[in-house]
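# Structural overview for review
What follows is the residue order along each chain.
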Amino acid sequence: MAGPRTDHHVILRVVAKPLIPIISLFALYVHFHGDYSPGGGFQAGVIIVVAVVLYALIFGITPAMRAVPPVFARSLAALGFIIFAGVGVWALIMGGNFLDYDVLFNEEPGGHMGQHYGIIAVEVGVLFAVAGSMLSIFYAFAGRVTEIKDEDW
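Residues numbered from 1 in each chain as written. Predicted model: local features only at pLDDT ≥ 70, side-chain atom pairs only at ≥ 80, totals over all residues. Heavy atoms only, no water.

## Describing the packing of aromatic side chains
Basically, it comes down to this: Side-chain rings of Phe, Tyr and Trp, where Trp is taken by its six-membered ring, are said to pair if the distance between their centres is within 6.5 Å; with planes under 30 degrees apart they count as stacked, over 60 as edge-to-face, and otherwise as tilted. Secondary structure elements are taken from DSSP: a helix is a run of H or I of four residues or more, a strand is a run of E of two residues or more, and numbering for both begins at the N terminus.
On inspection of all chains with the given rule, the structure shows 3 aromatic pairs. Each ring, one from Y55 and one from F59, has its centre 4.8 Å from the other, and the planes form 35°; the classification is tilted. You can see Y55 and its partner F59 sitting in helix α2 (residues 41–59), 4 residues apart, about one turn around the helix.

## Notes on a nonpolar patch on the surface
Formally: Each patch groups residues whose relative accessible area exceeds 30% and which form no salt bridge, using 9 Å between like charges and 5 Å between nonpolar side chains of Val, Leu, Ile, Met, Phe, Trp and Tyr. A 1.4 Å probe and the Shrake-Rupley method give the accessible areas. Residues count as covered only by the protein chains that appear here. Put simply, a salt bridge is a Lys or Arg side-chain nitrogen that is within 4 Å of an Asp or Glu carboxyl oxygen. Classification of residues uses two cut-offs on accessible area relative to the type maximum, computed with a 1.4 Å probe and protein chains only: under 20% is buried, over 50% is exposed, and between them is partly exposed.
Together, V10, I11, V14, V15, L19 and I22 line one region of the surface with nonpolar side chains, adding up to about 560 Å² of accessible area. Of note, V14 is situated in helix α1 (residues 10–32). Given the relative accessible area of 54%, V14 is considered exposed.

## Comments concerning the packing of α1 against α2
The condition that has to hold: Here, axes are lines fitted to C-alpha atoms. For helices the fit covers the stretch in contact, and angles between N-to-C directions go from 0 to 180 degrees. Any angle that is under 35 degrees is reported as roughly parallel, and any over 145 degrees as roughly antiparallel; angles of 65 to 115 degrees are reported as roughly perpendicular and all others as oblique. Contacts: residue pairs with any heavy atoms within 4.5 Å of one another. Gly counts as polar in this scheme, as do all residues outside two lists: the nonpolar Ala, Val, Leu, Ile, Met, Phe, Trp, Tyr, Cys and Pro, and the charged Asp, Glu, Lys and Arg.
Running from amino to carboxyl end, α1 crosses α2 at an angle of 170°, the nearest separation of the two axes being 8 Å. By the criterion of interaxial angle, the relationship of α1 to α2 is roughly antiparallel. Touching L12, R13, A16, K17, L19, I20, I23, S24, F26, A27, V30 and H31 of α1 are G41, Q43, A44, I47, I48, A51, L54, Y55, I58 and F59, all from α2. For the contact of α1 with α2, the per-class residue count stands at 16 nonpolar, 4 polar and 2 charged.

## A short note on the environment of A56
Following the sequence through the fold, A56 ends up in helix α2. C-alpha separation for the pair A56 and Y139, spaced 83 residues apart in sequence, amounts to 9.6 Å. Beyond its immediate chain neighbours, meaning those up to four positions away, A56 contacts I61, A64 and F138.

## Focus: the side chain of H31
In this structure, H31 sits in helix α1. Given a relative accessible area of 5%, H31 falls into the buried group. Filtering out sequence-adjacent residues up to four positions away, H31 remains in contact with G40, G41, A44, E123, V124 and L127.

## A look at the packing of α2 against helix α5 (residues 113–142)
What counts is decided by this rule: Note on convention: near helix rotated counterclockwise from far helix by under a right angle means a left-handed crossing. Clockwise means right-handed.
Contact geometry of α2 with α5 gives a least axis separation of 7 Å together with a crossing angle of 30°. Every pair of crossing elements has a handedness; the one defined by α2 and α5 is right-handed. Between α2, through G41, F42, A44, G45, V46, V49, V52, V53 and A56, and α5, the contact on the second element is made entirely by E123, V126, L127, V130, A131, M134, L135, F138 and Y139. Here the contact of α2 with α5 is built from residues that sort into 15 nonpolar, 2 polar and 1 charged.

Scope: geometric values only; no functional claims are made or implied.
Rendered as structure tokens:
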């Protein structure tokens, strides 16, 4: 005799819904304070992926792939690499060394705005590259296995 079907994941889903935005917000904090404290693009990228992985573990890989499509993850990784390499090439074009931020804006000697903006641009590139790469790797592994049915728990 089959009774009413209950959702035994209800506690996880209720807890995860407010937790995922908090994790994403913490990733932004880690990224934007990476210039002055531990953190930066790599750590923030991994934390962003943690939020998506948590979503996929609780709600399923298919809804996660609908929320953040695999093509978006791959494009994000490519864009991150282009941003990172673009800042380096820009520095070479301006007459400096690769990723020599001081030459980026033709500042007067002693000015550090080029260095500040250059580091931010590189960190954004690293954030995109790491988040896109890690999410693509997760999708590649998680998408290979069929989902466990609720009855199999």
